[in-house]
Amino acid sequence: MTVDTLPPNHPDIAARLQALRTHMAGQGWQAVLVPSSDPHLSEYLPDRWQGRQWLSGFTGSSGTLLVSAEKAALFTDSRYWEQAEAELAGSGIDLVKLEGPAVPAYVAWLQALTHAPSPAALAVDGTVLGLAQAQQLQAALAAAGWSMHTETDVLDGPWVPRPALPAGAVFEHEAPFSTTPRATKLAEVRALMQAKGATHHWVATLDDLAWLLNLRGADVDYNPVFLGHALVSLTQLELFVGEGKISDTLAARLQADGVVLRPYGAATEALKALPSDAVMLMDPKRVTWGLRAAVPACVKVVESINPSTLIKSRKTDAEAACTREAMERDGAAMCAFYAWLEQALGTTYVSELTIDERMTAERAKQPGYVSLSFPTIAGFNANGALPHYRATEAAFAVLSTPEGLTAEGLLLIDSGGQYLGGTTDITRVWAIGTPTAAQKRDFTLVLKGTLALSRTRFPQGTLAPMLDAIARAPLWAEGLDFGHGTGHGVGYFLNVHEGPQSISKAIPTPDMAMQPGMITSIEPGLYRPGQWGIRIENLVLNVPVPPAVADAAPGTPEYGQYLAFETLSLCPIDTRCIDRSLLRDDEIAWLNAYHAEVRHRLSPLVSGDALAWLMRRTEAI
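Residues take numbers from 1 onward in each chain, read along the sequence in its written order. Given that the model is predicted, a residue must reach a pLDDT of at least 70 before its local features are reported, and side-chain atom pairs must reach 80 or more before they are shown or counted; all residues, however, enter totals for whole chains, interfaces and linings. Side-chain descriptors were evaluated using all non-hydrogen atoms of the structure, hydrogens and water having been removed beforehand.

A. Inspection of the nonpolar core at higher detail. Ranked by size, the top nonpolar core spans 70 residues in total, and within it Tyr338, Leu341, Ile355, Phe443 and Leu447 carry the most contacts. Secondary structure is summarised from DSSP: a helix means a run of H or I of at least four residues, a strand means a run of E of at least two, and numbering begins at the N terminus for each. In terms of residue count, the dominant contributor to this core is helix α12 (residues 317-344) (11 residues). Note on contacts: a residue pair is in contact if any heavy atoms of the two residues lie within 4.5 Å. Ignoring anything within four residues of it in the chain, the contact list for Ile355 reads Phe337, Leu341, Val350, Ala378, Leu399, Leu411 and Ile413. Counting residues in hydrophobic clusters, the runner-up holds 43 residues, among them Ala198, Val203, Leu209 and Val225. Buried residues of nine kinds, namely Ala, Val, Leu, Ile, Met, Phe, Trp, Tyr and Cys, make up a nonpolar core once their side-chain atoms join them within 4.5 Å. Exposed residues in this analysis have more than 50% of their type's maximum accessible area, buried residues have under 20%, and partly exposed residues fall in between, with area computed by a 1.4 Å probe over protein chains only.

Here's what the structure looks like:
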């Protein structure tokens, strides 16, 4: 049973688009581009930069809006197509389904406008447009006879009143969970700066900033970060942050490590004031067009990945130990939740919203819990076929009432938590009632993909995208595939999505090399629109493995260092959904060993119904 009270169109959308078009006409712009972005290129945005959602009504976390005098279109990838179709219905905004690079699609849409003069002007706020994409867009627009106007925040006129900047306090990530002193991290970054010949380095991405300074905040939902920029020189660090967000006590500790506080709004002016002999290290994937444009022409710019991005991706042994403990706490919370769920099904009211509330409540009971790491995805049957589905008060599915189950099928739950000692992200699919043969087949093929990659050994330095096909191979063998990446990096009490590694179809770059200490997800899936979705996700840690031949000589096939994956996530996989005939003996052995480890690690942390559920769901097959 689905509860759906969502109106076909938000009543304010038409008025908001008209206000933007009036503003456009007054400025002489033929089109406006509104990305899902902020000055820090964040995935989850503070309310102030939720302009795309405000204008379109589309609530997905990834998408770009283009508006002209006559048309409007939202561009997004396959993860959000069904969600976008539902949320845009009746709005007058077209959905453009991205199946390749975004910039050519934007330009093709602009070229199709019938009343645009030549040359025509596209306006976009340069302070929220990523440098790498802006460079591509500017070149493509010029070839198409368009100019790009980036000097204005295009929403300042139409969006009134606009949300203010978040004002929450910044706090220190302290021992024992913070395992490397701030001064040590600064020294590491400065050493890498000097290796590049740089005298200065700009940090705009919030997870890099939080990691570098051992600070955390709550300015962005689900990510324990705060709004700020850093200008790092070889002798000091200028931290641009909102006034009042850092206490006097914390400011004194920062000052002792050479950190000087500046107003958040002074960041751009600081860039403009760089000395002429400065050499600025900037990551083109992690700064905006506006920031790059503020650097004086006389200053030499070295474009390279943020040193902190590489360092923080490689968790220390102490961070890995804390993460294992966080995984155990997270696993205990899930045992308590799933024990409740199985008892509640068929006897009480259970909806997708109930699942979100109850699972969050169980996590909140665990030591060190801070928040969710992303919005919980609880999708029953057809809703599970939307990879980034989120139930709302306006639209959600009901699984159970006191009269019994509303339907049988599959329940997909993708959830995670932020703990002082680590970040979790896990997906499981559960049988509600008796799964069909077709559901079991799909489930088992996805499971085979998870197992195949989880068991892989590979040379250290392997580019992460090269591993993607291993998880897809069992599905490819049956003519099946999925539209999202297989795995993303995960932070340490930081963003649930971080780089540089990405197990996906992305074009590999040298920065994506797999190194010891990286934490990555493995999450192949299979989605049947209107029926069900399956995704089985664990987080894994890159760990060195002993060489096949000790002291092998260079040039021999045994030479080299290898990595394997240690599975960190601890939660049973629903064996009721498995078609055992599709699994090999070695795959069954791995699954049984994993369940034995889950039982061993979690049983001391749970009791009563939760323990009974754990014992039942970790039985060998």
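B. Geometry of unusual backbone geometry. Here Val160 and Pro161 are connected by a cis peptide whose omega angle stands at -5°. With respect to the helices and strands, the residue Pro161 is situated in the loop between β7 (146-149) and β8 (171-172). Omega for the peptide link from Gly499 to Pro500 comes to 10°, which places this bond in the cis form. Its place among the elements puts Pro500 in strand β27 (residues 498-503). At Asn214, a position not held by glycine, the phi torsion is positive, near 55°. With respect to the helices, strands and loops of the structure, Asn214 is situated in the loop between α7 (206-213) and β10 (215-216). The backbone of Asp551 shows a phi angle near 60°, a positive value even though the residue is not glycine. For Asp551, the location among the structural elements is in the loop between β31 (538-545) and β32 (562-567).

C. Region of interest: the pattern of salt bridges. Any Lys or Arg side-chain nitrogen found within 4 Å of a carboxyl oxygen on Asp or Glu counts as a salt bridge. The tally for this structure, following the rule as stated, stands at 35 salt bridges. Here Glu498 ties to Lys312 by a salt bridge, and the two come within 3.0 Å at their closest N and O atoms. Taken as a pair, Glu498 in strand β27 and Lys312 in helix α11 (residues 307-313) lie far apart in primary sequence, 186 residues in all. Salt bridges here are not isolated pairs; linked through shared partners, they connect Glu342, Asp574, Arg576, Arg616 and Arg617.

D. Structural detail: the sheet that holds strand β18 (residues 377-380). Ordered in space as β18-β21-β24, the 3 strands form an open sheet in which the pairing is antiparallel. One side of each edge strand has no neighbouring strand; the edge strands of this open sheet are β18 and β24 (426-432). Put simply, the sheet's adjacent strands are angled 15° from each other on average, direction ignored. Sheet analysis places strand β21 (residues 409-415) next to β24, joined by 7 bridges and oriented antiparallel. Along β24, the bridge assignment pairs Gly409 with Ile432. Strands were regarded as paired on the criterion that DSSP finds at least two bridges between them. Note on method: axes are straight lines fitted to C-alpha atoms, helices fitted across the in-contact stretch only, with angles between N-to-C directions ranging 0 to 180 degrees.

E. Representation of the packing of helix α14 (residues 437-454) against helix α16 (residues 585-602) within the structure. It is at 11 Å that the axes of α14 and α16 come closest, and there the two elements cross at 80°. What the angle tells us is that α14 and α16 run roughly perpendicular. Residues Leu447, Lys448, Leu451 and Ser454 of α14 form the contact with α16, whose own contacting residues are Glu587, Trp590 and Leu591. Taken together, the residues that form the contact of α14 with α16 break down as 4 nonpolar, 1 polar and 2 charged. With respect to orientation, any angle under 35 degrees is reported as roughly parallel, any angle over 145 as roughly antiparallel, any angle of 65 to 115 as roughly perpendicular, and every other angle as oblique. Each residue gets one of three labels, nonpolar for Ala, Val, Leu, Ile, Met, Phe, Trp, Tyr, Cys and Pro, charged for Asp, Glu, Lys and Arg, and polar for the others, Gly among them.

F. Structural detail: the packing of aromatic side chains. Under the pairing criterion, centres of Phe, Tyr and Trp rings, with the six-membered ring standing for Trp, must be within 6.5 Å; the plane angle then separates stacked pairs below 30 degrees from edge-to-face pairs above 60, leaving the rest tilted. A complete count under the given rule lists 14 aromatic pairs for this structure. With centroids separated by 5.9 Å and ring planes inclined at 40°, the aromatic side chains of Phe337 and Trp340 adopt a geometry described as tilted. A residue pair is termed a helical-turn pair when its members lie 3 or 4 positions apart in one helix, as Phe337 and Trp340 do in helix α12 at 3 residues. For the pair Phe337 and Trp340, a shared accessibility class is recorded, and that class is buried. Measuring from centroid to centroid gives 5.7 Å for Tyr369 and Tyr419, while their planes differ by 75°, and the two rings are edge-to-face. Taken together, the residues Tyr369 in strand β17 (residues 369-372) and Tyr419 in strand β22 (residues 417-419) connect sequence positions 50 residues apart. By the burial criterion, Tyr369 is buried, and Tyr419 matches it. One aromatic cluster is present, built from ring pairs that chain together Phe337, Tyr338, Trp340, Trp430 and Trp613.

G. Examining helix α4 (residues 102-111) more closely. Where α4 is concerned, the buried positions are Ala102, Val103, Tyr106, Val107, Trp109 and Leu110. Seen from one end, α4 has its buried residues packed into an arc of 160°, which puts them on one side. Regarding the arc, it is the one traced by the directions from the helix axis to the C-beta atoms.

H. Spatial organisation of empty space enclosed by the protein. Grid points spaced at 1 Å over the protein atoms alone were grouped into cavities, where a 1.4 Å probe fits but cannot get out, and pockets, open sets with protein on both sides within 12 Å along at least five of seven lines, with lining residues defined by an atom within 4 Å of a point. Grid points are joined across faces, edges and corners, and a volume is the space filled by probe spheres set on the points. With the rule as written, the count across this model stands at 4 cavities of 30 Å³ or more. Reported here for the largest cavity is a volume of approximately 100 Å³. In terms of lining residues, the largest cavity is bounded by Val34, Pro35, Ser37, Trp49, Gly51, Arg52, Asp125, Val128, Asp153, Val154, Leu155 and Arg162. Of the residues belonging to the lining of the largest cavity, the class tally is 6 nonpolar, 2 polar and 4 charged.

I. Spatial organisation of the pairing of strand β12 (residues 237-241). Burial of β12 is extensive: 5 of the 5 residues sit out of reach of the surface. Alignment of strand β11 (residues 228-233) against β12, held across 5 bridges, turns out to be antiparallel. Counterpart to Leu231 in the pairing with β12 is Glu238. Linking two consecutive strands that pair antiparallel, namely β11 and β12, is a turn of 3 residues. Here 5 bridges tie β12 to strand β13 (residues 259-263), and the two strands are oriented parallel to one another. The residue bridging Val241 from the neighbouring strand is Pro263, located in β13. Regarding the hand of the β-α-β motif, the stretch spanning β12, helix α8 (residues 248-256) and β13 is right-handed. Seen with its strands pointing away from the viewer, a crossover is right-handed if its path from the first strand over the helix to the second goes clockwise.

J. Inspection of the sheet that holds strand β23 (residues 422-423) at higher detail. The antiparallel open sheet is built from 3 strands, whose spatial order is β17-β22-β23. Each edge of the sheet is formed by a strand with only one pairing partner; in this case those strands are β17 and β23. In this structure, β22 lies alongside β23, joined through 2 bridges in antiparallel fashion. By the bridge assignment for β23, Gln418 is matched with Thr423. Set on the sheet, α12 makes contact with β22 and β23; between it and β22 the angle comes to about 130°.

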